[in-house]
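The primary structure of each chain is shown beneath.
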Amino acid sequence: MPSFSDFLSKMMGMENARILFLTTTEIKTNEERLFHFLSPERAQQARSYAQEKDRLLSLGAGYFLRKYVHAPIRKNPFGKLEAEGQFFSLSHSGDKVVFLLSPCPCGVDIETREKLLPGLKEYAFSKEEALDLKTERELLLAWTRKEALAKAEGSGLSTTPLPRIPSKEGEVEYKGKHYQVLSLEYGLLSCCLSCAFLKKEKGMASFSPSLTHEAICFDQTSSGSFFSSSGSFLK
């Protein structure tokens, strides 16, 4: 059942999102059980990775999808995973997998410094954006905001030149729609993470996502509350 604070948030138009994460350490500990928990197709996909880290990250992503997405999952024409009546987004980097659940279309991106590509500032950012990116951390956060926004919009990074995808934080207009884009700093995550949420109208209440270190559980009945496309809670 939704908590009283959840009820108040909904009444105020401030339904909050949730970010869950796993590390490869706990995924490795549960590796064999995870292979049995996932669908045969997803388990086969995870087994196809030659590198252990890639296999574990794939298992973690599959776990979140199996546990929290209770409708058939499909890919849109641009490769984004979608399910009828639910909004979610996945990302992984380093030893972490993050999963965002939201009452509206959303995107999440997490990056570690090991993925900071040479020349990224010149390739992915406009000259005006680049002027504000004075440190490695600022550059990586701006990149995660671009990718989170592109995921929330649904077409990813392949359909728009990268410098034309906004990288600022706050309320952003992109392809005729309004989004809330925010970078988040949690003590639990030693990396850069950003989220983007589609807003029904300009100026509406903002999201403040919570972060939870997921405890792996193979009982799907304990998957907790999440949102449908109408903003109502599902089990």
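Residue numbers run consecutively from 1 along every chain, following the written order of its sequence. In view of the model being predicted, local features appear only for residues whose pLDDT reaches at least 70, and side-chain atom pairs are presented and counted only at 80 or more, with totals across whole chains, interfaces and linings using the full set of residues. As a rule here, side-chain values come from all non-hydrogen atoms in the structure, and water together with hydrogens is ignored.

Caption draft 1: Local environment of the layout of surface pockets. In this structure, the largest pocket occupies an estimated 980 Å³ of space. Residue lining of the largest pocket: 36 residues in total, with Arg-42, Gly-79, Lys-80, Leu-81 and Leu-90 positioned closest to the centre. Secondary structure follows DSSP: runs of H or I at least 4 residues long count as helices, runs of E at least 2 residues long count as strands, and numbering of each begins at the N terminus. With seven residues, the top contributor of residues to the lining of the largest pocket is helix H5 (residues 52-68). Amino acids are sorted into nonpolar (Ala, Val, Leu, Ile, Met, Phe, Trp, Tyr, Cys and Pro), charged (Asp, Glu, Lys and Arg) and polar (every other residue, Gly among them). Tallied by class, the residues present in the lining of the largest pocket amount to 14 nonpolar, eleven polar and eleven charged. Both site types are read off a 1 Å grid over the protein atoms alone. A 1.4 Å probe that fits but cannot get out defines a cavity, while an open set with protein on both sides within 12 Å along at least five of seven lines defines a pocket; lining residues have an atom within 4 Å of a point. Grid points are joined across faces, edges and corners, and a volume is the space filled by probe spheres set on the points.

Caption draft 2: Spotlight on the sheet that holds strand E10 (residues 210-213). Overall, mixed pairing links the four strands, which are arranged E4-E5-E1-E10 in an open sheet. The open sheet has two edge strands with one neighbour each: strand E4 (87-93) and E10. Neighbour-to-neighbour, the strand axes of this sheet turn through a mean angle of 20°, independent of strand direction. Here, a strand pair is defined by DSSP locating no fewer than two bridges between the strands. Pairing between E4 and strand E5 (residues 96-102): seven bridges, direction antiparallel. Paired with His-92 across the bridge in E5 is Val-97. Contacts from H5 reach strand E1 (18-23), E4 and E5 within the one sheet, and its direction differs from that of E5 by about 25°. Orientation is described by lines fitted to C-alpha atoms, with helices fitted over the stretch in contact, and by angles between N-to-C directions that extend from 0 to 180 degrees. By definition in these notes, contact holds between two residues if any of their heavy atoms fall within 4.5 Å.

Caption draft 3: Spotlight on helix H8 (residues 136-153). With 18 residues, H8 should reach 26 Å at 1.5 Å per residue; the first-to-last C-alpha distance of 26 Å fits that figure. At the C-terminal side of H8, Gly-154 shows a positive phi close to 110°. How far a helix is expected to stretch is found by multiplying one less than its residue total by 1.5 Å.

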